[in-house]
Amino acid sequence: MQAAYKHKISMATSCAHLCLQCRSLLCSKKVASTWQYYTHVRHCVRVTQVPTKILDGSSIVKGTHKTNPAKQMQKQQVFCYSDFAAKHLATGAEENKDVEETSCADVVAFKSPMLPIRDAVLESQVSLDLDAAAEFSAFEVISDEEAVRISVPSAMPPASTSLRDYVDHSETLSKLVQLGVNLWKIEQRPNVGSMLLRLNFNADVAPRLLFLKEIGVEDSCFGYIITQNPFILTESLENLQSRVNYLKSKKFSSETVASMVSRAPYLLNFSVKRLDNRLGFYQQQLKLSDSNTRNIVARLPRLLCGSLEPVKENLKVCEMELGFKENEIQHIVIAVPKVLTADKRKLTKIFDFLHNIMKLPHNLIAKFPQVFNSKYLRIRERHMFLDYLGKAQYDPTLPNYISLDRLVSLPDEPFCNELALATLEDFYLFQKTL
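Residues numbered from 1 in each chain as written. Predicted model: local features only at pLDDT ≥ 70, side-chain atom pairs only at ≥ 80, totals over all residues. Heavy atoms only, no water.

**Student:** How do you make sense of the overall build of the protein when you look at a structure like this?
**Tutor:** Within the protein one finds 21 helices and two strands. For the protein, the accessible area works out to roughly 26,400 Å², and carbon and sulfur atoms hold 54% of it. (Helix = DSSP H or I, 4+ residues; strand = E, 2+ residues; numbered from the N terminus. Areas by Shrake-Rupley, 256 points an atom, 1.4 Å probe, with all protein chains shown as cover.)

**Student:** Honestly, the packing of helix α5 (residues 171-179) against helix α8 (residues 201-214) in this entry has me stumped. Any pointers?
**Tutor:** Describing two packed helices takes the angle between their axes plus the distance from one axis to the other. Contact pair α5 / α8: the axes reach a minimum separation of 10 Å and the direction vectors enclose 25°. By the criterion of interaxial angle, the relationship of α5 to α8 is roughly parallel. The handedness of the crossing between α5 and α8 is right-handed. Where α5 abuts α8, its residues Glu171, Thr172, Lys175, Leu176 and Leu179 lie against Phe201, Asn202, Val205 and Leu209. For the contact of α5 with α8, the class distribution of residues is five nonpolar, two polar and two charged. (Axes fitted to C-alpha atoms, helices over the stretch in contact; angles between N-to-C directions. Parallel < 35°, antiparallel > 145°, perpendicular 65-115°, else oblique. Left-handed = near helix turned anticlockwise from the far one by under 90°. Contact = heavy atoms within 4.5 Å. Nonpolar A, V, L, I, M, F, W, Y, C, P; charged D, E, K, R; others polar.)

**Student:** Even after reading the chapter, I still don't get the packing of helix α11 (residues 254-263) against helix α13 (residues 290-299), so can you show me in this structure?
**Tutor:** Relative orientation of the contacting elements α11 and α13 amounts to 40°, with a least axis distance of 9 Å. Taken as axis vectors, α11 and α13 run oblique relative to one another. Within the contact between the two elements, α11 uses Thr256, Met260 and Arg263 and α13 uses Val297, Ala298 and Arg299. Looking at the contact of α11 with α13 residue by residue, the classes come out as three nonpolar, one polar and two charged.

**Student:** Explain unusual backbone geometry here, please?
**Tutor:** A negative phi angle is the norm for most residues apart from glycine, just as the trans form is the norm for most peptide bonds. Of note in this structure, Lys251 is not a glycine but carries a positive phi near 70°. If you trace the backbone, Lys251 turns up in the loop between α10 (237-249) and α11. Positive phi, close to 55°, is recorded for Asn400, a residue that is not glycine. Tracing the backbone through its elements, the reader meets Asn400 in the loop between α18 (376-389) and α19 (404-409).

**Student:** What am I meant to see in α10 here?
**Tutor:** The periodicity of an α-helix, 3.6 residues per turn, causes residues three or four places apart in sequence to face the same way. Between the first and last C-alpha of α10 there are 18 Å, a value that for 13 residues agrees with the 18 Å anticipated at 1.5 Å per step. Burial in α10 covers these residues: Leu240, Arg243, Val244, Tyr246 and Leu247. Looking straight down α10, one finds that the buried residues subtend no more than 155° of arc, so they occupy a single side. Of the residues in α10, the exposed ones pointing more than 90 degrees away from the buried face are Glu238 and Ser249. Packed against the buried residues of α10 are α8, α11 and α12 (272-285). Of the residues trailing α10, Lys251 is marked for its positive phi of about 70°. (Expected span 1.5 Å × (residues − 1). Buried < 20%, exposed > 50% of the residue type's maximum accessible area, 1.4 Å probe, protein only. Arc of directions from axis to C-beta.)

**Student:** How should I be thinking about helix α16 (residues 344-357) in this particular structure?
**Tutor:** Here α16 spans 19 Å end to end across 14 residues, near enough to the 20 Å set by a 1.5 Å rise per residue. Taken as a whole, α16 has its buried residues at Leu347, Ile350, Phe351, Phe353 and Leu354. Around the axis of α16, the buried residues are gathered within 160° of arc, so they sit on the same side. Considering only its buried residues, α16 is in contact with α14 (309-321), α17 (362-367), α18 and α19. Looking at the residues trailing α16, positive phi occurs at Lys359, about 60°.

**Student:** When you look at the side chain of Asn229 in this model, what are you seeing that I'm missing?
**Tutor:** Relative to the assigned elements, Asn229 resides in the loop between α9 (222-228) and α10. A polar contact is formed between the side chain of Asn229 and the side chain of Asn269, at a distance of 2.5 Å. When near neighbours in sequence (up to four residues on either side) are disregarded, Asn229 contacts Pro265, Tyr266 and Asn269. (Polar contact = N/O pair within 3.5 Å; in protein donor to acceptor, adjacent residues only side chain to side chain.)

Written as structure tokens, this is what we have:
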């Protein structure tokens, strides 16, 4: 018993001597160790450049390279230096404090004599692993204040060849899509896409839409109008109103104006002077009355928007090549205004078949000008079928007369049953022989 007791006292004395020797070594090297740890930590911070957690004895400070990296790194270096310096310099002053040191590559944990000591501090570690991830885990729980401070970069692409990439980020484009605007058609025009992106929906688009609604344009037509004429969104409301007022002064009704704008979206982009010149041209060139001029323009409002050259050329074709008289041309234009803008080759081809193959005179063709609005193949197939059956009789003074109007306007089945007196199958079999 006594021998064991003496052995324990001897062991304790030996341990005490060893502790005093170790402490003398630490005290003699405290300045060198401080500078070594400061240099080592500074090197680690510069190399890793990843978010780190720095322990201050009572709380954890988080740093990230995304928010002013230079200042953040400087703060980390100063903090590490001051903390390590305080640790080692205090060793000589307070000899009863415990110091625990480990290398920077593993774990740095210590008790600072300058700060309050908590048990939880010893469980925290500073991670300086060079392979650490650059971002925090998506499953990490953060506070509401930290979540608010997170900056999310905008996903709007800086440049794109399609407006589709901007729809989710532009209120104007998203609202236009809801109205039925076809952005893929608009983006094919140069500089139109960038123009739309610069527009503010409430300040630029909404007032023009309200104006169109006020003059009687249906909501369902907004998408078509803007798709065909996006430049209406840049026209001033004063100019738009003045052009509508001019049309009404020419005795176009409000319903007619709304219909014209819906079918000819570029109508309100032209000045009052141009609109007046166009109306005067048709009235003088065709020698029409005011009511007839309003009639053809209301039925084909693009006559006020398009070029006049095709119109002049078609009028010369009707007069010089086809041989129609002035009153016959007037009748044809009033009945079918599309003749003024139709392809002249189509007009010549249909007239040649009617006059030279079907042997129809000019006055009979002018009496049924709707034939120019039909397809050449349709006229040819039906006439040849009737001629094959021996029923191609177009003279109104003779029996079994077949009018040009019914020849081109009836569907296939009524045409076979009422005019050809044959079955639809017979007509289809005949078409295969052509």
